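Overview (structure and organization)
Next come the chains, spelled out residue by residue.
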Amino acid sequence: MDHQRRDDPVPHVFVGDEGFALQTYLMRPYPKTGIINSARKKKFNSQLSRARRVVENAFGILAMKWRVFLRAIETDAETADWIVKAACCLHNYIITRNNTREYAAMETEEQDQPIQALLNTRPTNRRSNTAAFEVREKFADYFSRL
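Residues numbered from 1 in each chain as written. Predicted model: local features only at pLDDT ≥ 70, side-chain atom pairs only at ≥ 80, totals over all residues. Heavy atoms only, no water.

**Observations concerning the nonpolar core**
Core analysis: the biggest nonpolar cluster contains eleven residues, these being Leu22, Met27, Tyr30, Ile35, Phe44, Leu48, Ala132, Val135, Phe139, Ala140 and Phe143. For this core, the elements supplying multiple residues, two or more each, are helix 1 (39-65) and helix 4 (130-144). Take this core: its biggest share by element is five residues, from helix 4. Discounting residues that sit within four places of it in the chain, methionine 27 has contacts with Val13, Phe14, Val15, Gly16, Leu22, Phe44, Leu48, Ala132, Val135, Arg136 and Phe139. Leu62, Met64, Phe69 and Ala87 belong to the second-largest nonpolar core, a separate cluster that totals six residues. (Core = buried A, V, L, I, M, F, W, Y, C linked by side-chain atoms within 4.5 Å. Buried < 20%, exposed > 50% of the residue type's maximum accessible area, 1.4 Å probe, protein only. Helix = DSSP H or I, 4+ residues; strand = E, 2+ residues; numbered from the N terminus. Contact = heavy atoms within 4.5 Å.)

What follows is the structure, encoded as structure tokens:
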């Protein structure tokens, strides 16, 4: 593949693990067997893993405060969207009103139990389309230049 310029646009994407099929809107790591001799692919997997940890940590903070996030939200997508937005707004409000250090200490104490909604899924072998592979290649090119 031709190396992309650093300023080539890439879409906003979700980050996932091997349990998800690669899509133009959802990035998953390269298979472990395919990265043995590729520093570029290893770097992509590392950056993707780092992004997933940030998301999981942020989600963990929300889930410890609002138990609705400890399992799948059984409602329509629009209502779920409002629930997530409301929880984020409430979280930010609490932080600005309270002592940030106190609130952060409470959050770390409560993160003992695993969050059911974020448990790893089983790997999938579903085929991805060419466009999804091209998006992943663009991200890999970008990360390899960092």
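**Some details on the confidence of the model for the chain**
Predicted coordinates in areas of low pLDDT are best not read in detail. Per-residue pLDDT for the chain averages 81, and the proportion of residues at 70 or more is 75%. Across the chain, the secondary-structure element scoring lowest on mean pLDDT is helix 3 (residues 100-110), at 53, and the one scoring highest is strand 2 (residues 26-27), at 96. (pLDDT = per-residue confidence, 0-100.)

**Some remarks on the packing of aromatic side chains**
One pass over the full model with this rule turns up five aromatic pairs. When the ring of phenylalanine 44 is compared with that of phenylalanine 143, the centres are 6.1 Å apart and the planes differ by 45°; the resulting orientation is tilted. One end of the pair, phenylalanine 44, is in helix 1; the other, phenylalanine 143, is in helix 4, and 99 residues separate them in sequence. For phenylalanine 44, a relative accessible area of 1% translates into the label buried. According to the relative accessible area criterion, phenylalanine 143 is buried, its value standing at 15%. Between the NZ or CZ atom of lysine 85 and the centre of the ring of tryptophan 82, over which it lies, the distance is 5.3 Å. The lysine or arginine in question, arginine 136, covers the ring of tyrosine 30, its NZ or CZ lying 4.1 Å from the ring centre. (Phe/Tyr/Trp six-rings, centres within 6.5 Å; stacked < 30°, edge-to-face > 60°. Lys NZ or Arg CZ within 6 Å of the ring centre and 35° of its normal.)

**Comments concerning the side chain of aspartate 141**
Here aspartate 141 lies in helix 4. Note on aspartate 141: relative accessible area 1%, which makes it buried. Among the polar contacts listed, one links the side chain of aspartate 141 to the side chain of arginine 40, at a separation of 2.7 Å. (Polar contact = N/O pair within 3.5 Å; in protein donor to acceptor, adjacent residues only side chain to side chain.)

**A word on helix 1**
If you check helix 1, its first and last C-alpha atoms are 40 Å apart, about what 27 residues at 1.5 Å a residue would give, namely 39 Å. Among the residues of helix 1, Arg40, Phe44, Asn45, Gln47, Leu48, Arg52, Gly60, Leu62, Ala63 and Met64 are the ones counted as buried. (Expected span 1.5 Å × (residues − 1).)

**With respect to helix 4**
An ideal rise of 1.5 Å per residue puts 21 Å on 15 residues; helix 4 measures up with 21 Å between its terminal C-alpha atoms. Within helix 4 the residues assigned to the buried category are Ala132, Val135, Arg136, Glu137, Phe139, Ala140, Asp141 and Phe143. The inward-facing, buried residues of helix 4 abut strand 2 and helix 1. Measuring from the side-chain oxygen of the N-cap residue of helix 4 to the backbone nitrogen of alanine 131 gives 3.2 Å; that N-cap residue is asparagine 129.

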